[in-house]
Amino acid sequence: HFLSWTWLITVSDLQSALERWIERNGLEASKVFLWIDFFINNQFRTHVDGGGCDGTEFTSGHNQKRLDSIGPNLKRINAMVALLDTWDNPAYLTRVWPLFEQFMAMTHEVPVQMIL
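This one's a predicted model, so the numbers in the text were calculated from it and none came from an experiment. (Residues numbered from 1 in each chain as written. Predicted model: local features only at pLDDT ≥ 70, side-chain atom pairs only at ≥ 80, totals over all residues. Heavy atoms only, no water.)

(A) Local environment of the overall build of the protein. Secondary structure summary: the protein contains five helices and four strands in total. Along its sequence from the N terminus, the protein presents helices and strands in the succession β-α-β-α-α-α-β-α-β. Here the protein, with 116 residues, has 37% of them falling under the buried criterion. Contacts in the protein between residues far apart in sequence, at least 24 positions, make up 70% of those at least 6 positions apart. Carbon together with sulfur atoms contributes 59% to the accessible area of the protein, which is approximately 7100 Å² in total. (Helix = DSSP H or I, 4+ residues; strand = E, 2+ residues; numbered from the N terminus. Buried < 20%, exposed > 50% of the residue type's maximum accessible area, 1.4 Å probe, protein only. Contact = heavy atoms within 4.5 Å. Areas by Shrake-Rupley, 256 points an atom, 1.4 Å probe, with all protein chains shown as cover.)

Dropping the structure here:
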């Protein structure tokens, strides 16, 4: 599963939400694999490696490769779990990156499950 989330969520909340999701869906935890951008396609590195926040950081060389990798990764994984912090006014919907991931999921017809 491709995990879509915001970095505003604590590791503890992330773990709790995933444990509830696994339990509610009758999944076997040892057989659940998550693609987490923090480890693979770290958006924070865009600023550290690529410069400032003027918009060019997403179009320069290796950063463009990060953007271009989202669609193929989603299509290959073919399942997204979107972690919201709250049901009312979630921070997730105020961030460009999760909205981009949702757009890519829709574009590639990847099923999405919203979890809290």
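(B) Representation of the sheet that holds strand S2 (residues 35-36). With respect to topology, four strands assemble into an open sheet ordered S2-S1-S3-S4, the strand pairing being parallel. Single-partner strands in this sheet number two, and they are S2 and strand S4 (112-115). Both strand S3 (residues 80-83) and S4 contribute to a ladder of four bridges, which runs parallel. Bridge pairing in S4 places Met80 opposite Val112. Seen against the sheet, helix H1 (residues 11-24) touches strand S1 (2-4), S3 and S4 and runs at an angle of roughly 120° to S4. (Pairing = 2+ DSSP bridges. Axes fitted to C-alpha atoms, helices over the stretch in contact; angles between N-to-C directions.)

(C) Looking closely at the pairing of S3. Burial along S3 is two-sided: Met80 and Ala82 and Val81 and Leu83, pointing in opposite directions, are all buried. Relative to S3, S1 is paired through three bridges, and the arrangement is parallel. Bridging across to S3, Ser4 finds its partner in Ala82.

(D) Structural view of helix H5 (residues 96-107). In a regular helix each residue adds 1.5 Å, so 12 residues correspond to 16 Å; H5 covers 16 Å between its end C-alpha atoms and thus fits that length. Within the sequence span of H5, burial applies to Trp97, Pro98, Glu101, Gln102, Met104 and Ala105. Along the long axis of H5, the arc covered by the buried residues comes to 160°, so they all point the same way. In H5, those exposed residues whose orientation departs by more than 90 degrees from the buried face are Val96 and Met106. Remark: Glu109 follows H5 within two positions and exhibits a positive phi of approximately 55°. (Expected span 1.5 Å × (residues − 1). Arc of directions from axis to C-beta.)

On their own, these measurements won't tell you what the molecule is for.
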